[in-house]
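Reading the structure
Chain by chain, the residues:
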Amino acid sequence: MSWMIGTIVLLILFNALYVAAEFAVVGARVSRVEQFAADGSWLARSVLPIVRETKRLDNYIAACQIGITVSSLVLGAFGQAAVGIALGNWLQGALEMDSLTAFGLAAIVVLVGLTSLQVVFGELIPKTVALQFPVRTAMYTYLPMKWSLVLFTPFIRFLNGSGNLVLRLLGADHARGHHHVHSPEEIEMLLGESVDDGAIGATESERLRAGLRLSRRSARQLMVPRRDIAGIDLAQPSQDWFEMVLSSPYTRLVAWRGSLEDIQGILHIKDLAAHLARDGSLNDVGELLRPVLRIPRGLSAERVLEQLRLHRARLALVVSEFGDVEGLVTLQDLVSELLGEISDEFKAANDEQPQKLQDGRWRLVGRMPAEDFHAWTRLQGAPVGPSQEKAETLAGIILTRLDTVPGEGRQLELDGWQLTVERMQGSAIESVICTMAAEGERRHG
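Summarised in this report is the structure supplied together with it. (Residues numbered from 1 in each chain as written. Predicted model: local features only at pLDDT ≥ 70, side-chain atom pairs only at ≥ 80, totals over all residues. Heavy atoms only, no water.)

Here the focus is the sheet that holds strand E2 (residues 231-233). Spatial strand order, E2-E3-E4: three strands in an open sheet with mixed pairing. What marks the edges here is a single partner per strand, and that holds for E2 and strand E4 (259-268). Mean inter-strand twist for the sheet, computed between neighbouring axes without regard to direction, equals 30 degrees. Helix-sheet contacts for helix H11 (residues 238-247) involve E2, strand E3 (252-257) and E4, and the interaxial angle to E2 is about 175 degrees. Helix H12 (residues 269-279) rests against E3 and E4 of the sheet, and its axis sits at about 70 degrees to E4. (Pairing = 2+ DSSP bridges. Helix = DSSP H or I, 4+ residues; strand = E, 2+ residues; numbered from the N terminus. Axes fitted to C-alpha atoms, helices over the stretch in contact; angles between N-to-C directions. Contact = heavy atoms within 4.5 Å.)

It is worth spelling out the packing of aromatic side chains at this point. Within the structure shown, the criterion is met by one aromatic pair. Consider the rings of tyrosine 18 and phenylalanine 152, whose centres lie 6.4 Å apart with planes at 45 degrees: the pair is tilted. Taken together, the residues span a long stretch of sequence, with tyrosine 18 in helix H1 (residues 2-27) and phenylalanine 152 in helix H7 (residues 142-170) at a distance of 134 residues. The class of tyrosine 18 is buried, set by a relative accessible area of 7%. Taking the relative accessible area as the measure of exposure, phenylalanine 152 reaches 9% and is therefore buried. (Phe/Tyr/Trp six-rings, centres within 6.5 Å; stacked < 30°, edge-to-face > 60°. Buried < 20%, exposed > 50% of the residue type's maximum accessible area, 1.4 Å probe, protein only.)

Moving on, we get to the packing of helix H2 (residues 30-38) against helix H3 (residues 42-52). With their axes 9 Å apart at the nearest point, H2 and H3 run at an angle of 160 degrees to one another. Considered as vectors, H2 and H3 are oriented roughly antiparallel to each other. As for the relative orientation of H2 and H3, their crossing is left-handed in sense. For the pair H2 and H3, contact is made by Val30, Val33, Glu34, Phe36 and Ala37 and by Ala44, Arg45, Leu48, Val51 and Arg52, respectively. (Parallel < 35°, antiparallel > 145°, perpendicular 65-115°, else oblique. Left-handed = near helix turned anticlockwise from the far one by under 90°.)

This next bit is on unusual backbone geometry. Not every positive phi belongs to a glycine, and arginine 312 is a case in point at roughly 50 degrees. You can see arginine 312 is positioned in the loop between helix H13 (301-310) and strand E6 (315-319). Despite not being glycine, aspartate 403 shows a phi value in the positive range, around 60 degrees. One can find aspartate 403 in the loop between helix H16 (394-402) and strand E10 (411-414).

If you want it as structure tokens, here you go:
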């Protein structure tokens, strides 16, 4: 009897080995294996080519699947041939059952018992361990898997070839192999799980999320709109625009002549100060202007940063497909998007973040990105689904829903929120008062 138990335990261990090896090598990240290899682990150096190369990974997984199948079949056959017969004979003698009943009952008991043992100890436990510690499990199972690869090579070639043939007949891409690919939304979910497990801090998670959001932003979503561009009109008397320079918190100002359609360049305050110190006048200020970089409105934030670095510029004008100036994007806008608002002693405090009023309502700026608005509402506990319109800002959402330019005081109920237009600047929505619809009803009731 002891040799039967020993054989069953050995077969379940074999099954557990192959299950753990398969889940571990699929779940192991190349970067983590590289880190272990850099720390001096020879096992990690051996596993690294497997997780890097698609063909090797396919062969490795095929060996695991063959091992699982063979160990399961042998366990079932052995259980019925050895344990089942022994148990049937015992039932015949001890309980005086007839032969058909005894061996039928023995077959059922062996099937249920071995299946339960194999599922728990040969499948669930090794799978859980492999998913929690994929890299270490992949390393510790490498040596037995190395010999399994040698033993199963003929079967692997035959089965992989057959599988690829079937995939080609079905029109599937068999050459893609196994890859760890995640969408930005899935990465954000992984970041949330990492924060919950304590693997990374909330601050690090938010910065990583900001990086993901930045990759999906365009120049138009990051820009300061045309009406808010700070600059000087060289067509005005020099004393007038010079006072504008002195009162401005910015070190670089757009210079135009007459209107923004005739932009002359960028005036750096340092150049102006040096010119005044040297000549003592504002004559020939046009010579101080630096070239201005222009970028299309749809350019991604990453490409905007690349262009700023390439041209060694700190700001760029955002233009439409017709060449009209739509706004201005700066290096500080990109940095603020990643790290939060950065201000200095000359610049007023940022008023673009949601402000909670004394009565519990919130004030939001109209140019708040639509993505940030939806994220903010989720944090407030009343989710808003993604806007069906292709609006880029909160003002855009309101304009699309109302289908008209609203006036101050105009209200709109949006998926559980009550939005009230607070201030308008011409045709632009400058600020919005936001509250949950239920709270708004109680307040007005």
